[in-house]
Amino acid sequence: MAAGLNGKRRTVRTAAVAVLLGTALAATGSPDSRLTADDGRIEAAEAAKLGASAFPATAKQADRLGKAARTSASRKPVAIAALTNASFLKETGIADAWKLLRRDVTGTIAIVDTGIDLKNAALQPYLTEGVNLLDDKKPPQDDNGHGTAVAGVIAAAAEAGKDAEASWKMKLMPVKALDDKGEGDESHLSGGIRYAIEHGADIVVLSLGLRRDAPGMRSVIDLAESKGVLLVAATGNDAADFGDRAAVQYPAAYPTVVAVAGAEAGQGQINSTGGPEVDLAASWQVDTLALGGGRIAMEGTSMAAPQVAAAIALLRAAHPDWKPAFLRETLRRTAEDIGAKGRDDATGYGLVRADRALAAAFAADWREPNGAQRSASPFPPGTEVYSAWSGSLDTDWYAVEAHADGMLSVRMQTNLFDIGPAAVKLSLYRPGGVNPTAPTAASGASGGTMTWKVAKGKYYLRVDGSARASSLPYRLTSGFRMLADRTEPGASRDSAYAIEPRTQTWTGTFDREDDNDWTTVKLPQSGTLKVTVETDTTRIDPAITLQRAGQAEVRTDTNGDGLPETATIKNAPAGRYYIGVSNAAADGAPPVIGTYTVRLEYITTYADLGEPNDGPLTAAALVSGDAGILKGLISSKEDADWFRFKTTGGNFAWKLDGIPEGSTFKLAVYDKALKPLGQWSSKAQSASLNVPQKLAAGTYYARITADRADRSAYYRFGVTSAH
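The written sequence of each chain sets the order in which its residues are numbered from 1. Where totals are concerned, whole chains, interfaces and linings use all residues; where local detail is concerned, this predicted model gives features only for residues with pLDDT of at least 70, and gives and counts side-chain atom pairs only at 80 or more. Computation of side-chain values covers all heavy atoms of the structure but excludes hydrogens and water.

Peer 1: Looking at this structure, how should I read the overall build of the protein?
Peer 2: Counting from the N terminus, the helices are the DSSP runs of H or I reaching at least four residues and the strands are the DSSP runs of E reaching at least two. When helices and strands are tallied, the protein shows 12 helices and 42 strands. For the protein, the exposed surface amounts to about 29200 Å²; the carbon and sulfur share of it is 50%. Computed with a 1.4 Å probe, the accessible areas rest on the Shrake-Rupley method; for each residue, only the protein chains presented here act as cover.

Peer 1: Could you clarify how one ought to interpret the environment of A640 in this entry?
Peer 2: Relative to the elements of secondary structure, A640 occurs in the loop between β35 (630-634) and β36 (641-647). Exposed residues in this analysis have more than 50% of their type's maximum accessible area, buried residues have under 20%, and partly exposed residues fall in between, with area computed by a 1.4 Å probe over protein chains only. Using a relative accessible area of 8% as the deciding quantity, one classes A640 as buried. Each C-alpha atom of the pair A640 and T705 lies 5.0 Å from the other, and the pair is 65 residues apart in sequence. Note on contacts: a residue pair qualifies if any of its non-hydrogen atoms lie within 4.5 Å across the two residues. If we ignore the near neighbours within four places in the chain, the residues touching A640 are N613, D614, R703, I704 and T705.

Peer 1: Please explain the pairing of strand β15 (residues 295-299) as it appears in this structure.
Peer 2: Within a regular strand, the side chains alternate between the two sheet faces. Should DSSP find at least two bridges between two strands, the strands are regarded as paired. Sheet topology note: the strand β14 (residues 285-289)/β15 ladder contains 5 bridges and is antiparallel. Directly across from Q285, in β15, lies its bridge partner E299. The hairpin turn running from β14 into β15, its antiparallel successor, is 5 residues long, and G292 in that turn takes a positive phi close to 90°.

Peer 1: Please explain the sheet that holds strand β39 (residues 676-681) as it appears in this structure.
Peer 2: What links the strands of a sheet is backbone hydrogen bonding, and the strands pair in either a parallel or an antiparallel sense. As summarised here, the arrangement of the 5 strands in space is β34-β36-β41-β38-β39, forming an open sheet in which the pairing is mixed. Both edges of this open sheet fall to β34 (620-622) and β39, since each of them pairs with a single strand only. Neighbour-to-neighbour, the strand axes of this sheet turn through a mean angle of 25°, independent of strand direction. Where strand β38 (residues 665-670) and β39 come together, 5 bridges link them in antiparallel fashion. Across the sheet, V669 pairs through a bridge with G678, a residue of β39. The convention used is that axes are lines fitted to C-alpha atoms, helices contributing only their stretch in contact, and that angles between N-to-C directions extend from 0 to 180 degrees.

Peer 1: Honestly, the pattern of salt bridges in this entry has me stumped. Any pointers?
Peer 2: Side-chain pairing between opposite charges can occur once the charged atoms of the two side chains come close. A pair is scored as a salt bridge if a Lys or Arg side-chain nitrogen falls within 4 Å of a carboxyl oxygen belonging to Asp or Glu. The tally for this structure, following the rule as stated, stands at 30 salt bridges. Residue K162 is joined to E159 by a salt bridge in which the shortest nitrogen-to-oxygen separation is 3.9 Å. Using a relative accessible area of 9% as the deciding quantity, one classes E159 as buried. Between R475 and E384 there is a salt bridge, and its shortest N-O distance comes to 3.4 Å. A residue pair is termed long-range when its members are at least 10 positions apart, and R475 in strand β24 (residues 472-482) and E384 in strand β17 (residues 384-389) qualify at 91 residues. The exposure class of R475 is buried, given its relative accessible area of 8%. The buried category is assigned to E384, whose relative accessible area is 3%. Each of the salt bridges in this network shares a partner with another, and the network as a whole consists of E225, D279, R328, E329, R332, R367, E384 and R475.

Peer 1: Can you help me understand the nonpolar core in this one?
Peer 2: Note that soluble globular proteins tend to have their nonpolar side chains buried in a common cluster. Residues grouped as a nonpolar core are buried Ala, Val, Leu, Ile, Met, Phe, Trp, Tyr and Cys residues, joined through side-chain atoms within 4.5 Å. Formed by 66 residues in total, the largest nonpolar core has its most connected members in W168, V232, V308 and L314. With 13 residues, the top contributor of residues to this core is helix α10 (residues 301-318). By size, the runner-up hydrophobic cluster in this structure holds 35 residues, among which are M173, A201, V229 and A253.

Peer 1: Just checking my understanding: could you explain the confidence of the model for the protein for this structure?
Peer 2: Any segment with low pLDDT has predicted coordinates that should not be analysed in fine detail. Looking at the protein as a whole, the pLDDT averages 85, with 85% of positions reaching at least 70. Across the chain, each position has a pLDDT score giving the predictor's confidence in that residue, from 0 to 100. This model gives residues 17-77 a pLDDT under 50, and the stretch forms 177 contacts once residues within four places in sequence are excluded. Contacts for the low-pLDDT stretch residues 416-422, under 50 throughout, to residues beyond four places or in other chains number 23 contacts.

Peer 1: Just to check I follow, could you spell out the sheet that holds strand β20 (residues 425-429) for this structure?
Peer 2: Ordered by their spatial adjacency, 4 strands build an open sheet running β16-β18-β23-β20, and the pairing between neighbours is mixed. Looking along the sheet, the strands with just one partner apiece sit at the ends: β16 (377-378) and β20. Note that β20 and strand β23 (residues 457-464) share 5 bridges and pair antiparallel. When the bridges of β23 are listed, Y429 appears paired with Y460.

Peer 1: Help me understand unusual backbone geometry in this model?
Peer 2: Glycine aside, residues mostly have negative phi angles, and peptide bonds mostly take the trans form. Following Y250, the chain continues to P251 via a peptide bond in cis, the omega torsion being 15°. Note the cis peptide between E488 and P489, where omega equals 5°. With phi around 50°, N571 is a residue other than glycine that occupies positive phi space. The class for N571 is partly exposed, based on a relative accessible area of 27%. In the Ramachandran plot, L674 falls in the positive-phi region, its phi being about 65° despite a non-glycine side chain. For L674, the location among the structural elements is in the loop between β38 and β39. By relative accessible area, which is 37% here, L674 ends up partly exposed.

Rendered as structure tokens:
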């Protein structure tokens, strides 16, 4: 990724929270998932807040945690066999799967991460040559601990088969793409996957992620599929902080990548990021190996992903001729349904069960019966389906949920398995509908891609069989794109969408690459212009640009992914203004499934009803009591408002309220001869000033000034009796 975007950097970071023998490590990251830099790097969210980082057990961290942490951080060598009774091995069926396996587990699993502890005696038998993409003169030695923990999960699965008929001969390839903080740039992530593919990896584990799509990563994902390399990735740990705004991270969000969420106590873990792209879940918390030796307790989707990778390794050993598509489908089919019945966004098809996968025979059309709407199989946008027609009379139905108005696309391939072209037909229906929705585009005689304009809601996709009498496998891949918003084609100031000068709210989308949405408003009089942008997805990092015609623009991008931004111009003079909303997730940010909401507040300035009262001769008359409180404005820095009060004497209090935020007001009191009797200033961040004063009979003057003008709201001034 090119640097630029206001100096921001985008980071990949490991998706796990580290716990050292039950003691949580302190987070060392920034609370913002994008820190400023000029090197084009990409960084992830801080561990403690977003649950997206793992950190090594360094002495420095132990010192911060106190004596208990220092004690538990001590390292003692531990045999990997000590982890063979780890609870996740039983929960995922890995231990029992070994009893069913008759062929050795061979090949290579690449771990694209912080490296692996090459000196760890428990891991050395499993290691093969790898690479350090950060410094090619150095070995891929782990200097964080996260990659070692990921490797430890797989090694524990391997050791669980020590007494089995088959043997684990598969090697672990360390690909160091992240630094000692668990950070790395986008090119290293994509380069790590490419290196693994080109150097013979069969499975690639990606316990890390980005909150946005990236063209370079998408191309390498496609390369992996074409080369028969299966990718497994963590979904992320954003749910606790972002709720429904949390979106599955990339590369887990790509259809051909097995997206792994976290499970705990028979349901989705609350911190685990869910979404339509989730395929499977695995144990959220594990005991694994630590950097420098010893054991460590880790939790997060980072630790769930290698469990699924181990299950795939066992299944691949049992069926060495199966393509990645068959392996993925079998794991989905044999998963243990947990949480909500059927496929759900929290755990996908359910908890991975290696034992069930190995016991199952191949089933090309396992979703049957799905020959009607009432029995339709789930097919969320952004996912894949592999199935087969049994013959020309076979029809398959799929349920598709559109979470917004947009363009639904479905790509069909019938030659994925080296089978020639055949006539197929795709039709989209509303529930109970008789007539299908007309497609907006179609291509390809043997499937190709069809696109429909859809409204938010549920649809049913009908896939009619081929004319062949024999079975015909097919693959469906769905995609979704948001519709253009009302500001289009407002891609620049010249084509900005004109809006009325009033307080209002509207919703927008980023439906194309590098989408910038511009609106323009002409203020008839001066006032406060306040713009707030919120989003419903962590894949959007809102940025606001405000510009008065003929003047320099002011860009606001203070917060991070999924967080709101606010830009304000106080005392904005009458005239034309331009408002730009963009996605600061990356230069040339890709289209995003999600929306942003803009609230424009136009607060017109008030007329100073007390004017002219800029001197003693024109002072506004005050009457004691609440009924005598007057309103005023400081219309310029030089403005001074005078008030006159006549009394028979007594104890009184000068009361000044409604002081604008950021302003300092001064109150001076004079006698009839304009001799000063006292001067007082409001305190910082205070909106009021209350001054008690004993007055003899006579006439008095009060003078109010401020350090700045503010016509957006009235201040209130009066005098009351003090008892």
